[in-house]
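Single-letter residue listing:
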Amino acid sequence: MKPINRRTFLRHCSAGALALAAGGMGAGRTAADTSRTPNFVFILIDDMGWRDVGFMGSRYYETPNIDRLAAQGMVFTDAYANAPNCAPTRACLLSGQYGPRHGVYTVGNSDRGSAAGRKLIPVTNRTTLPAETITLAEAIRPAGYRSASIGKWHLGVDPDSGPVAQGFDVNVAGNLAGNPSSYFSPYRNKNLPDGPKGEYLTDRLTEEALAFIEANRARPFFLYLPHYAVHTPIQAKQELVAKYKKKRPDGGQGNPEYAAMIESVDQGVGALLAKLDQLGLADNTVVVFFSDNGGVGGYRELGIAGGEITSNRPLRGGKGMLYEGGIREPTIVRWPAKVKAGTRCATPVIGLDFYPTFLEIAGAEKKPGQILDGESLVPLLTGTGTLKRDAIFWHFPAYLQGSKGTWRTTPCGVIRSGGWKLIEFFEDNRLELYNLADDIGEAADLAEKMPEKAKELHDRLVAWRKAVNAPVPTEKNPQFDPSTRE
Ligand SMILES: [Ca+2]
């Protein structure tokens, strides 16, 4: 593939219409000392879809604070989670490594769904991040950072494999669970003392985050804020639900409870931004907004049985699938000291890029021999250059069931290079090829029409798997019954 030239780059990352929206905005225009090491606030939403926020085009959900954050920073339109579900995306984000290096490929077991419907024996999955992993928190600690994980961890339990075991100074509410037993106190969470009865979890995590920022205002800090929202159970504050019940559904989005959950997240983002302004820290704090997988929706039109909570259209599919709806994420980086407000970037980026990005900004070094699979986004953020790589990859050697015997995904691998995307399904080595530049909805499979392009991408996917020692399931499942898949 040809290297991206300057003109292409400018087309990929440039000031867009949002610049106008941001004009005259006073975000963080304070006398803060920007020579100090920057702070990091990483807001990770659970299961939020690409179009679940106003700045990405939703006309049903109301997210004025997140939209303001977007207008004040750089929006990445082609940003991806490393996986279509929770735990593996987090494992990649915190380790800076692709799945085959740490073994967290999916949530729970890799052999989910009916045994009779599985043609292959999938690769065994790890549910905790290996202890020897050098996490982002550990890597930036030598640069003087104090760090907190406030919210969902999903990669183990302290003292063995929770946030503190993996280098965070503080763990609030994090354990092996992938969702809260309730969004209202009492929470039944060993790592989160109950609040007053009826306290709302998203509000509580915001309060904990504000307290952490306040306490560490005079030193570099890394706040990792992985909200439990907007994952199931779908539970929201009634006063917000009432507002959305009066609203007309739009573009396939119309669940009042889910909308109210999103608005609580948005209010939390507003409170965080206000706190950074109040403390004079906004200019020199890198705020990232990201989600761990696509929204729960887009199944019905593909014949998959399951809940439809939101719509990811125009993207195909949703959570649990390797189509765009399952992995493309609403993504913002705001850093007023260095990133121009109102900019957009269409270069494909992926969750594990944040690790080297933070290292570079913090002035920290990786350990000798440490492998980081992502690439620092600093050249894109500062408008000074491009990325060196020409492709990103996914490896999902696991089954994820829908209901009634349907499958959200069977084991597969994916490469995206430029505007092209190839999916290889391991059960029968079937290839699907899409030109995302013209077909963001992955409606036209070009694999048969363009066999040379498909082969070129497949060769590169195979070469990547070899380079990272990615195990491909090949063993047949003796319990497989083909009639279940007809
Ligand atoms: Ca998730």
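My aim in this report is to walk through the structure given alongside it, one point at a time. Quantities reported herein were computed from a predicted structural model and do not represent experimental measurements.

Cut-offs and rules
Residues numbered from 1 in each chain as written. Predicted model: local features only at pLDDT ≥ 70, side-chain atom pairs only at ≥ 80, totals over all residues. Heavy atoms only, no water. Helix = DSSP H or I, 4+ residues; strand = E, 2+ residues; numbered from the N terminus. Rg over C-alpha atoms; globule rule 2.2 N^0.38 Å. Buried < 20%, exposed > 50% of the residue type's maximum accessible area, 1.4 Å probe, protein only. Contact = heavy atoms within 4.5 Å. Areas by Shrake-Rupley, 256 points an atom, 1.4 Å probe, with all protein chains shown as cover. Lys, Arg positive; Asp, Glu negative; His and termini not counted. Charge placed at Lys NZ, Arg CZ, Asp CG, Glu CD. Expected span 1.5 Å × (residues − 1). Salt bridge = Lys/Arg side-chain N within 4 Å of Asp/Glu carboxyl O. Axes fitted to C-alpha atoms, helices over the stretch in contact; angles between N-to-C directions. Parallel < 35°, antiparallel > 145°, perpendicular 65-115°, else oblique. Nonpolar A, V, L, I, M, F, W, Y, C, P; charged D, E, K, R; others polar. Pairing = 2+ DSSP bridges. Core = buried A, V, L, I, M, F, W, Y, C linked by side-chain atoms within 4.5 Å.

### Side note on the overall build of the protein chain
- Secondary structure summary: the protein chain contains 13 helices and 17 strands in total.
- At 21 Å, the protein chain has a C-alpha radius of gyration in line with the 23 Å of a compact globule built from 486 residues.
- Projected onto its principal axes, the C-alpha positions of the protein chain cover 65 × 55 × 50 Å.
- Expressed as a percentage of its 486 residues, the buried residues of the protein chain come to 60%.
- Pairs at least 24 residues apart make up 70% of the contacts formed inside the protein chain by residues separated by at least 6 positions.
- Approximately 18500 Å² of the protein chain is accessible, and the part contributed by carbon and sulfur atoms is 52%.
- Here the protein chain contributes 57 positively and 52 negatively charged side chains, and the mean placements of these two sets differ by 2 Å.

### Focus: helix α7 (residues 201–215)
- If you check α7, its first and last C-alpha atoms are 21 Å apart, about what 15 residues at 1.5 Å a residue would give, namely 21 Å.
- Buried residues of α7: Leu-201, Thr-202, Arg-204, Leu-205, Thr-206, Ala-209, Leu-210, Phe-212 and Ile-213, and no others.
- Looking at the buried positions of α7, the neighbouring elements they touch are β5 (146–150), β6 (170–172), β7 (221–226) and α9 (256–278).

### Focus: the pattern of salt bridges
- Scanning all chains against the criterion turns up 30 salt bridges.
- The partner of Arg-313 in a salt bridge is Glu-301, and the shortest N-O contact between them spans 3.4 Å. On the criterion of sequence distance, the pair formed by Arg-313 in the loop between β8 (285–291) and α10 (324–327) and Glu-301 in the loop between β8 and α10 is long-range, its members being 12 residues apart.
- On the basis of relative accessibility, which here comes to 48%, the residue Glu-301 falls in the partly exposed class.
- Note that Lys-453 and Glu-456 form a salt bridge whose closest N and O atoms lie 3.2 Å from each other. Pair noted here: Lys-453 and Glu-456 are both in helix α13 (residues 451–467), with a separation of three residues, about one helical turn.
- What emerges from the salt-bridge pattern is a single network uniting Asp-78, Glu-324, Arg-328, Arg-416, Lys-421 and Glu-442.

### Overview of the packing of helix α3 (residues 64–71) against α9
- Contact geometry for α3 and α9: axes closest at 7 Å, N-to-C directions at 50°. In terms of orientation, α3 and α9 fall into the oblique class. Contacts between α3 and α9 involve Pro-64, Asn-65, Ile-66, Arg-68 and Leu-69 from the first element and Val-265, Asp-266, Gln-267, Val-269, Gly-270 and Leu-273 from the second.
- Looking at the contact of α3 with α9 residue by residue, the classes come out as six nonpolar, three polar and two charged.

### Here we look at the pairing of strand β9 (residues 331–334)
- Residues of β9 alternate between two faces, with Thr-331 and Val-333 on one and Ile-332 and Arg-334 on the opposite face, all of them buried.
- Examined bridge by bridge, strand β3 (residues 74–76) and β9 share three bridges and lie antiparallel to one another. By the bridge assignment, Met-74 is partnered in β9 with Val-333.

### Description of the nonpolar core
- With 93 residues, the main nonpolar core has Ile-43, Ile-150, Leu-223, Val-230, Leu-272 and Phe-289 as its most contacted residues.
- Element by element, the count of residues in this core is highest for α9, at 10 residues.
- Here Ile-43 is in contact with Leu-225, His-227, Val-269, Leu-272, Val-287, Val-288, Phe-289 and Phe-290, once residues within four sequence places are set aside.
- In terms of nonpolar packing, the next biggest core, distinct from the first, is built from 44 residues, Ala-79, Leu-93, Leu-94 and Ile-361 among them.

### Remarks on the side chain of Asp-78
- Topologically, Asp-78 is positioned in the loop between β3 and β4 (79–80).
- Since its relative accessible area comes to 10%, Asp-78 is described here as buried.
- If we ignore the near neighbours within four places in the chain, the residues touching Asp-78 are Arg-328, Cys-345, Ala-346, Thr-347, Pro-348, Val-349 and Arg-416.

### Topic: the sheet that holds strand β16 (residues 420–425)
- Taken together, the four strands give an open sheet; going across it, the order is β12-β15-β16-β17, and neighbouring strands pair in antiparallel fashion. Sheet topology places β12 (392–396) and β17 (430–435) at the edges, where each strand pairs with a single neighbour. Adjacent strand axes in the sheet meet at a mean angle of 10° when their direction is disregarded.
- Judged from the six bridges that link them, β16 and β17 form a sheet pairing that is antiparallel. Each residue of the ladder has a partner; that of Phe-425, found in β17, is Arg-430.
- With respect to the sheet, α13 is in contact with β12, β15 (412–417), β16 and β17, its orientation differing from that of β16 by roughly 65°.

### Side note on the pairing of β5
- Counting buried residues along β5, four of its five residues qualify, which places the element largely inside the surrounding structure.
- With four bridges connecting them, β5 and β7 associate as parallel partners. What sits directly across from Ser-147, in β7, is Phe-222.
- The pairing of β5 with β6 spans three bridges and is parallel. In the sheet register, Ala-148 faces β6, and the bridge partner there is Val-170.

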